[in-house]
Amino acid sequence: MANVIVVTSGKGGVGKTTTSAAFATGLALRGFKTVVIDFDVGLRNLDLVMGCERRVVYDFVNVINGEGNLNQALIRDKRVDDLFILPASQTRDKDALTLEGVERVIQELKQRFDFVICDSPAGIEQGAIMAMYFADEAVVVTNPEVSSVRDSDRIIGILSSKTYRAVHNLEPIKEHLLITRYAAKRVNQGEMMSAEDVQEILAVPLLGVIPESPSVLQASNAGIPVTLDTHSDAGQAYLDVVARFLGEERPQRFIHSKRSFFSRLFGT
């Protein structure tokens, strides 16, 4: 039975879709049969990041509505054998997602895959709630800035109160913290929160830090998950994240600042 993982955050533009694509690709490279679902109905960016936008015929909403089946909607990645994409609809709104429909599709996917990655839209509206509702684990993505961390804190509250596990009094969703667009030099100069600061505020185990890197935008524009760019520091960081998620020990290679943001702020 597959593990369902939601990639979520409160704020837009923090790198959820990049993370979903990179994380799913990393798992598939390890030999795990992995599917990544785009829950951002109406916008649909995952297929662009994955480079399969021209191959979309049926989508997630079509499957929910019985207008197509999973075999018709799932897109197999051309570069990684064990990786599949279930795209979102570009012509519907988020009300097209229903709990019953999402549950039915996820249950079917769990029978066929090792990991089901749910790429959540930003915020706390319908699509985001649907993306996290049936999750077993959550990767909470945040940038090292106050507004992003604050919004992620709210998402953590929703994970613990409005999901299937919370509603049915089951074991809580296992949470992981991922910090993106991290610049150690700016941390040292007191311009950015450190990873330690972010983790202290959110109180979620740190899965990894992804450095600010032009390779992320380059990979996205080329329709290639950055995990496949092994020369990229961001790509290496995502591979480390996958290894840690699978229980392996990996050093945090992109954290260099030890001094606390609050220490710098108050001069202590």
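Report on the accompanying structure. This structure is a prediction, so every number in the text was calculated from the model and none was measured.

Criteria and cut-off values
Throughout this document, residue positions are counted from 1 along each chain, in the order its sequence is written. With the structure being a predicted model, the display of local features is reserved for residues of pLDDT at least 70 and the display and counting of side-chain atom pairs for 80 or more, all residues being used for whole-chain, interface and lining totals. To obtain the side-chain values, all non-hydrogen atoms of the structure were included, while hydrogens and water were left out. Lines fitted to C-alpha atoms define the axes here, with helix axes fitted over just the stretch in contact, and angles between the N-to-C directions of these axes take values from 0 to 180 degrees. Numbering of helices and strands runs from the N terminus; a helix is a DSSP stretch of H or I covering at least four residues, while a strand is a stretch of E covering at least two. Relative orientations are named as follows: roughly parallel for angles under 35 degrees, roughly antiparallel for angles over 145 degrees, roughly perpendicular for angles from 65 to 115 degrees, and oblique for any other angle. Crossings are assigned a handedness: left-handed for a near helix turned anticlockwise from the far helix by less than a right angle, right-handed for a clockwise turn. Contact criterion: two residues are considered in contact whenever any of their non-hydrogen atoms come within 4.5 Å of each other. We call Asp, Glu, Lys and Arg charged. Ala, Val, Leu, Ile, Met, Phe, Trp, Tyr, Cys and Pro are nonpolar, and the rest, Gly among them, are polar. One less than the residue count of a helix, multiplied by 1.5 Å, gives the span that helix is expected to have. Residue exposure (1.4 Å probe, protein chains only): buried if accessible area is under 20% of the type maximum, exposed if over 50%, otherwise partly exposed. The directions considered for the arc run from the helix axis to the C-beta atoms. Here a cavity denotes grid points, spaced 1 Å and computed from the protein atoms alone, that fit a 1.4 Å probe unable to get out, and a pocket denotes an open set having protein on both sides within 12 Å along at least 5 of 7 lines; residues with an atom within 4 Å of a point are the lining. Grid points are joined across faces, edges and corners, and a volume is the space filled by probe spheres set on the points.

## Things to note about the packing of helix 1 (residues 16–29) against helix 12 (residues 233–245)
Now for step 1: In contact at an axis separation of 9 Å, helix 1 and helix 12 are set at 60° when each is read in the N-to-C sense. When the axes of helix 1 and helix 12 are compared, the pair comes out oblique. Relative to helix 12, helix 1 is oriented so that their crossing is right-handed. Touching Thr18, Thr19, Ala22, Phe23, Gly26, Leu27 and Leu29 of helix 1 are Tyr238, Leu239, Val241, Val242 and Phe245, all from helix 12.
Now for step 2: Per-class residue counts for the contact of helix 1 with helix 12 are nine nonpolar, three polar and no charged.

## Overview of helix 5 (residues 99–112)
Now for step 1: Under the 1.5 Å per step criterion, the end-to-end length of helix 5 is 20 Å for 14 residues, consistent within 8% with the ideal 20 Å.
Now for step 2: Buried within helix 5 we find Gly101, Val102, Val105, Ile106, Leu109 and Lys110. In a view along the axis of helix 5, the buried residues occupy a sector of 165°, so they form one face of it. Projecting away from the buried face of helix 5 at angles above 90 degrees are the exposed residues Glu100 and Gln111.

## Quick notes on the layout of surface pockets
Any space left empty among the atoms is revealed by the rolling of a water-sized probe across them.
Now for step 1: As a volume, the largest pocket reaches approximately 540 Å³.
Now for step 2: Around the largest pocket, the lining comprises 26 residues; the ones closest to its centre are Gly13, Val14, Gly15, Lys16 and Thr18.
Now for step 3: Counting only elements with at least two residues in the lining of the largest pocket, the list comes to helix 1, helix 2 (46–49), strand 7 (174–182), strand 8 (206–211) and helix 11 (214–222).

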